Amino acid sequence: MSAPADIDVRPITEAEHPEWLRAVRAGFLREPVVPAAEREARRRQFEPGRFIGAFEGDRCVATFRSFAQEVTAVGGELVPADAISAVTVAATHRRRGLLTRMMSQDLAAAKERGDVLATLIAAEYRIYGRYGFGPATSGTEWTIDVPRTGLDPRGPDLDGGRIDLVDPDDVRKIGPELHDRMRRATPGAISRDEWYWQLNTGAVRPDPSWTEPFHAVYRAPDGTVEGLLAYEVDDKWADTMQPSNTASVRSMIASTPAAERALWHYLCSIDWVMQVKSGWRAPDDLLPHLLPNPPAARITMHADWLWVRVLDVVRALEARTYAGEGALVLEVVDGSGMTGGRYRLDASPDGASCTATTRSADLTLDVRELATLWLGDESAVRLAALGRVREERAGAGREADALLRTSRRPWCPDMF
């Protein structure tokens, strides 16, 4: 067994990218042979300094990648973030501090660049709290029993709007602008770059098992694109030759409730489709209540989703909006030394200021709990009951909830 000092943790070169990619595949329990098409497609993502590997000799035994991202704060401001992905450590090299070394390098670089946050989607819940990350959004999947919905099987009443099936080229043209409108109104949503649209429309195909989905667009009566849906349908029939097909949503974005209603009704009215899987949606999604019989949609999966790590407390708290007015002094504990300190937040619907202070704290919390509260989905009172936030002044938890919590729950529609 090699000592940790014998393993070199550093940004990789472009020439080392194929070996790094092999290690990523192995870490996610995929065949550690990289097909040529995937190698070429993934090479287009390479960015010097943002791909880190741990090397024992010439062999990569741990991987880490980050890239630029924007996260929508409460109120719509787009906050610069360091998005973390492709994190693996070989089963043969666990418990040697490799993830800590890679994470430390990346977060230090992100803070130096001026990123306000770091983000990730955790494959394992227990890992990332020790690096200051906290779960900030969750996702829910519903399965719809179509015959029980009570919807008219002839299709939605579009009231002057329309739904069209479109080609991938059309999606790449209309999708980015629609997504930009949607994300600015959705706390927790993240940016989508050109690679996203190419990857999700088949313009690049690193996965040899890629299949083309159906793409449907909803247009309002004035012609404005308000909804975009990508879905696939299996081909299953019962022994009596009765259809038993399932439509599975790959992605749905909508800028209005009317678009959501129309697209869900459209899916439930497709001939031979008996079941619809919603894909990841917000935990308070409108979906069940868009059906005449809401119990026809049952929750089949619910889990944490976007995790956040605050790198700049002042900018993070000043970036978001607040429904009420008040002041709080927060003692933020950060074992890494990156963001710890005592901060006074003065907030109102007109704006907020956050400054370092020596005043007595109202709440004491770890930076990971601050991340959990930042998007408004968690309760300081609840965290205090769990022993994860300490009230230094009676009633401070309720005051924090009045300032920080949001009327709709935050949501991140994307995996990265």
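Up top is the structure.
Residues numbered from 1 in each chain as written. Predicted model: local features only at pLDDT ≥ 70, side-chain atom pairs only at ≥ 80, totals over all residues. Heavy atoms only, no water.

J.: Explanation requested: the overall build of the chain in the structure shown.
T.: On a plain count of helices and strands, the chain comes out with 10 helices and 19 strands. Computed over C-alpha atoms, the radius of gyration of the chain comes to 23 Å, within 12% of the 22 Å expected from 2.2 N^0.38 for 416 residues, which places it in the range of a compact globule. The buried share of the chain, reckoned over its 416 residues, is 52%. Long-range pairs, those at least 24 residues apart, make up 71% of the contacts in the chain with a sequence separation of at least 6. With an accessible surface of roughly 19,400 Å², the chain has 50% of that area assigned to carbon and sulfur atoms. One way to put it: in the chain the 51 positive side-chain charges average out to a point 4 Å from where the 61 negative ones average out. (Helix = DSSP H or I, 4+ residues; strand = E, 2+ residues; numbered from the N terminus. Rg over C-alpha atoms; globule rule 2.2 N^0.38 Å. Buried < 20%, exposed > 50% of the residue type's maximum accessible area, 1.4 Å probe, protein only. Contact = heavy atoms within 4.5 Å. Areas by Shrake-Rupley, 256 points an atom, 1.4 Å probe, with all protein chains shown as cover. Lys, Arg positive; Asp, Glu negative; His and termini not counted. Charge placed at Lys NZ, Arg CZ, Asp CG, Glu CD.)

J.: What should I look at first to understand the side chain of Asp377 in this one?
T.: On the secondary structure map, Asp377 appears in the loop between helix H8 (367-374) and helix H9 (380-385). A polar atom in the side chain of Asp377 sits 2.7 Å from the side chain of Arg409. Once you skip the residues sitting within four places of it in the chain, Asp377 turns out to touch Ala136, Ser138, Thr372, Arg405, Arg409 and Pro410. (Polar contact = N/O pair within 3.5 Å; in protein donor to acceptor, adjacent residues only side chain to side chain.)

J.: Would you mind showing me how to read the packing of aromatic side chains here?
T.: Each aromatic ring pair is characterised by the separation of its centres together with the angle its planes make. Inspection of every chain in the model, using the stated rule, returns 10 aromatic pairs. Relative to Trp307, the ring of Tyr125 lies with its centre 4.9 Å away and its plane at 75°, an arrangement referred to as edge-to-face. With Tyr125 in the loop between strand S5 (117-121) and strand S6 (134-135) and Trp307 in strand S14 (residues 306-310), this residue pair connects regions lying 182 residues apart in the sequence. Within the aromatic cluster, the residues linked to one another by ring pairs are Trp20, Phe46 and Phe51. Cation over ring: Arg250 sits above Trp210, and NZ or CZ is 5.0 Å from the ring centre. The ring centre of Tyr322 lies 4.5 Å from the NZ or CZ of Arg320, which sits over that ring. (Phe/Tyr/Trp six-rings, centres within 6.5 Å; stacked < 30°, edge-to-face > 60°. Lys NZ or Arg CZ within 6 Å of the ring centre and 35° of its normal.)

J.: Any chance you could explain the sheet that holds strand S1 (residues 8-11) here in plain terms?
T.: Across a sheet, paired strands are connected by hydrogen bonds in the backbone, their directions being either parallel or antiparallel. Overall, mixed pairing links the 7 strands, which are arranged S1-S2-S3-S4-S5-S14-S6 in an open sheet. Single-partner strands in this sheet number two, and they are S1 and S6. The pairing of S5 with S14 spans 5 bridges and is classified as antiparallel. Pairing of Leu120 across the sheet is with Trp307, part of S14. This element, helix H3 (residues 98-113), spans S1, strand S2 (51-56), strand S3 (59-72), strand S4 (78-89), S5 and S14 of the sheet and lies at about 160° to S4. Helix-sheet contacts for H8 involve S3, S4, S5, S6 and S14, and the interaxial angle to S14 is about 125°. (Pairing = 2+ DSSP bridges. Axes fitted to C-alpha atoms, helices over the stretch in contact; angles between N-to-C directions.)

J.: Looking at this structure, how should I read the environment of Asp271?
T.: Along the polypeptide, Asp271 turns up in the loop between helix H6 (257-268) and strand S12 (273-277). Note: C-alpha distance between Asp271 and Val314 (43 residues apart in sequence) is 54 Å.

J.: Even after reading the chapter, I still don't get the sheet that holds strand S8 (residues 162-166), so can you show me in this structure?
T.: Pairing within the open sheet is mixed, and its 7 strands lie in the order S8-S9-S10-S11-S12-S7-S13. Across the chains shown, the open sheet's two edge strands, defined by having one partner strand only, are S8 and strand S13 (297-304). Taking the axes of each pair of neighbouring strands and ignoring which way they run, one obtains an average angle of 25° across the sheet. Summarising the sheet, strand S7 (residues 138-145) and S12 pair through 3 bridges and their orientation is antiparallel. Looking across to S12, one finds that Asp145 is bridged to Gln275. Together, S8, strand S9 (214-219), strand S10 (225-233) and strand S11 (245-254) form the strand contacts of helix H4 (residues 168-184), whose direction differs from that of S10 by roughly 125°.

J.: Sorry, what's going on with the pattern of salt bridges here?
T.: Two side chains with opposite charge may pair up if their charged atoms get near one another. For the coordinates displayed, the defined rule picks out 36 salt bridges. The salt bridge involving Arg393 is made with Asp362; its shortest N-O contact spans 2.8 Å. Pair noted here: Arg393 is in the loop between strand S19 (389-391) and helix H10 (396-404) and Asp362 is in the loop between strand S17 (351-356) and strand S18 (363-366), with a separation of 31 residues, a long-range link. Residue classification places Arg393 among the partly exposed positions, given a relative accessible area of 30%. By relative accessible area, which is 9% here, Asp362 ends up buried. Notably, a salt bridge pairs Glu369 with Arg368, separated by 3.3 Å at the nearest N-O pair. Glu369 gets classed as buried once you look at its relative accessible area, which sits at 3%. Taking the relative accessible area as the measure of exposure, Arg368 reaches 32% and is therefore partly exposed. (Salt bridge = Lys/Arg side-chain N within 4 Å of Asp/Glu carboxyl O.)

J.: Help me understand the nonpolar core, please; the structure alone is not making it clear to me.
T.: The nonpolar side chains of a soluble globular protein tend to be buried with one another. With 44 residues, the main nonpolar core has Leu117, Val310, Leu317 and Trp374 as its most contacted residues. A total of 5 residues in this core trace back to one element, the largest contributor, which is H8. Once residues within four sequence positions are removed from consideration, Trp374 is found in contact with Val71, Ala73, Val74, Val79, Leu117, Ala316, Leu317 and Arg320. Ranked by size, the runner-up nonpolar core spans 27 residues in total, among them Trp142, Ala262, Tyr266 and Ala297. (Core = buried A, V, L, I, M, F, W, Y, C linked by side-chain atoms within 4.5 Å.)

J.: Explain H4 here, please?
T.: Because an α-helix completes one turn every 3.6 residues, residues spaced three or four positions apart along the sequence face the same direction. Look at H4: 24 Å from first C-alpha to last across 17 residues, which is about the 24 Å you get at 1.5 Å a residue. Among all positions in H4, only Pro168, Val171, Gly175, Leu178, His179, Met182 and Arg183 are buried. (Expected span 1.5 Å × (residues − 1).)

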